[in-house]
Amino acid sequence: MTKLSSSLTLLRPDFAIIASWIKPGSKVLDLGCGDGTLLQYLQDTLGVHGYGVEIDDANILACLNNGINVIQSDLESGLSGFESDSFDYVILSQTLQAMRRTEDIIQEMLRVGREGIISFPNFGHWKNRLQVLLGHMPVSQTLPYEWFDTPNIHLCTLNDFEKFCHQRGVHVLERRVMNGTRQITFSSNFFGMLAFYRFTRRK
Amino acid sequence: MHDSDSIGIVTPQRIHFDTPLSLESGAVLDSYEQVYETYGELNAARSNAVLVCHALSGNHHVAGVYADNPKNIGWWNNMIGPDKPIDTRKFFVVGVNNIGGCHGSTGPASINKKMGKHYGADFPVVTTIDWAKTYVRLADKLGIDQFAAVVGGSLGGMSAMQLALDAPERVRHAVVIAAAAKLTAQNIAFNDVARQAIITDPDFHGGDFYSHGTIPRRGLRLARMLGHITYLSNDSMAEKFGRELRTDSLSFNFDVEFQIESYLRYQGDKFADQFDANTYLLMTKALDYFDPARDYDDDLSAAFHCAKANFLVLSFSSDWRFSPERSRSIVKALLDNKLNVSYAEIPSRHGHDSFLMKDEHYHQLVRAYMNKIST
């Protein structure tokens, strides 16, 4: 299992960051869990008890094949199937930017979980800015779509997200900004491609 | 047999239980016979048994065919067999006929030895709670401490849930398909119309039609026709029959005119020839009474507090008899108890009956889940 985990961490450095924020044995809800690889990784490495939420039929099947709990549901309709405060962590990994009701889902995450963990591509990365400056919508490693076929409708920069959190009573506990496998600590909003936030309700 | 993957020829078996069975109603069944079929081999650890619970009109003949009647194919033959989603090369599958049924287990059409005549109206009302008790007794006889899985659709799904609630240690996984945690008023209303059709048939004779040498065919036929409508979706009926006529022009009378009329009458007739009217009453009543939350102030989560099994809950998008919303309330109760559960809403056009049909995605989901069950 260790071997699989380490190769997975190499393949998906974002998994390692999320895992580093999660206490072993905790209760985890992974929203938009895809084929369940992250949750499976967290189960195998940290012994978490978790559920994934996913809408896509093929992903539901993949989750069952991966042996994780998955609930087929549309995140846009909220998390009414989940009791308040029933999870330690609610994860939304690279899904926020594709959601229609951005505000609602973040509030729902904090209703259902003690802490929220979010990752999203940073629209403020210099390559994105440059492409816009040159007159085009950005296409990059973290934003691999053309303007006409992108599922991403709510893109933001680190500054935008932090302003949003501040205004909505969301207290950021921790932030990690990455460019590939490299952690960015200087001018993050300019050099960071992928952002990770751990947050909670403001006391 | 066209189905090369079928388990092939199967033989029903029968066990006589002479320890009295106390029923939820307070009545006692002094003794009873339980008919069942098994497919595959029980492993040395006795840990690979899968119990299949049947729906309203089902029985123990779940897969395969009978040597003397190769046309009598098990009702879930597309799901169960070698290399099928519930793989009989891996699992020891047990199909059971509920008591109160009319396919061999003791029911209203059986002879009450005490009285020397058919039970008829004397057969007590049985519930999923009573059936769960009989499943445990059968498991004891077969040497199965814990089922690897209990699987069922519709009323069968409810029976699977009931066993997981009443005998938590005996169920490792429960696969609950196209079911609900309780019936709605509309569900009960449909059931009551069906019952009224039977009960008001002059040939019913208060349930003792056996001694009168009659069968309440008209009532049973109507009950089945009504039921059948609720098992299909508007779309699937439109697709299959539309407003198609049997002849070229309108006949301006009340004979069979539209294809859907012809189809429903055929289904009704076929059913009335095979099924026992008293059993139909009992099965619909078992559906109506199923409500695990009743003793918990309508709190389903509290009702599931004692459950230990892992669950797979499946619903079908076009099922309006037991809609996906009903399955989601089961899932909610399981989540509230932090039980392992997966839930899928399967896109379908065939209504409640979808659970019996061969659909690739549906079967892949069941296969994936069953593959992960360690035996």
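Per-chain numbering applies: the sequence of each chain, read as written, is numbered from 1 onward. Lettering of chains starts at A and numbering of ligands starts at 1, both following the order in which they are written. Per-residue local features are limited, in this predicted model, to residues with pLDDT of at least 70; the limit for side-chain atom pairs, both in listing and counting, is 80 or more; totals at the level of whole chains, interfaces and linings are taken over all residues. Hydrogens are left out, water is left out, and the side-chain values use all remaining heavy atoms of the structure.

**Description of the pairing of strand E14 (residues 341-346) of chain B**
Residue and element names in this part refer to chain B.
Here is step 1: Burial classes: relative accessible area under 20% of the type maximum marks a residue as buried, over 50% as exposed, and values in between as partly exposed (1.4 Å probe, protein chains only). Working definition: helices are DSSP H or I runs of at least four residues, strands are E runs of at least two. Numbering for both runs from the N terminus. Taken across its six residues, E14 has five buried, putting it largely inside the fold.
Here is step 2: DSSP-based pairing: two strands are paired if at least 2 bridges between them are found. Relative to E14, strand E13 (residues 310-316) runs parallel, the two being bridged by six bridges. Looking across to E14, one finds that Phe311 is bridged to Val341.
Here is step 3: We call a crossover right-handed when, viewed with both strands directed away from the observer, the connection leading from the first strand over the helix to the second proceeds clockwise. What joins E13 to E14 is helix H10 (residues 324-336), and the crossover it makes is right-handed.

**Brief notes about helix H1 (residues 128-142) of chain B**
An α-helix turns once per 3.6 residues; consequently, residues spaced three or four apart project the same way.
All names here are of chain B.
Here is step 1: Each residue after the first adds 1.5 Å to the expected span of a helix. Taking 1.5 Å per residue as the helical rise, H1 with its 15 residues ought to reach 21 Å, and the 21 Å between its terminal C-alpha atoms agrees with that figure.
Here is step 2: Within the span of H1, buried status applies to Thr128, Asp130, Trp131, Ala132, Thr134, Tyr135, Arg137, Leu138, Ala139 and Leu142.
Here is step 3: Positive backbone phi, at 75°, marks Gly143, one or two positions downstream of H1.

**Things to note about the pattern of salt bridges**
Here is step 1: What makes a salt bridge here is a side-chain nitrogen of Lys or Arg within 4 Å of a carboxyl oxygen of Asp or Glu, nothing more. In the structure shown here, the tally under the stated rule is 27 salt bridges over all chains.
Here is step 2: The shortest N-O distance in the salt bridge between Glu162 of chain A and Arg175 of chain A comes to 2.8 Å. Of this pair, Glu162 of chain A sits in helix H7 (residues 158-167) while Arg175 of chain A sits in strand E6 (residues 170-179), and the two are 13 residues apart along the sequence.
Here is step 3: By relative accessible area, which is 28% here, Glu162 of chain A ends up partly exposed.
Here is step 4: Overall, Arg175 of chain A belongs to the partly exposed group, its relative accessible area being 36%.
Here is step 5: For Asp83 of chain B, the salt bridge identified is with Arg89 of chain B, shortest N-O distance 3.0 Å.
Here is step 6: Judged by its relative accessible area of 60%, Arg89 of chain B falls in the exposed class.
Here is step 7: Several salt bridges converge on common partners, so that one network encompasses Glu83 of chain A together with Lys332 and Asp336 of chain B.

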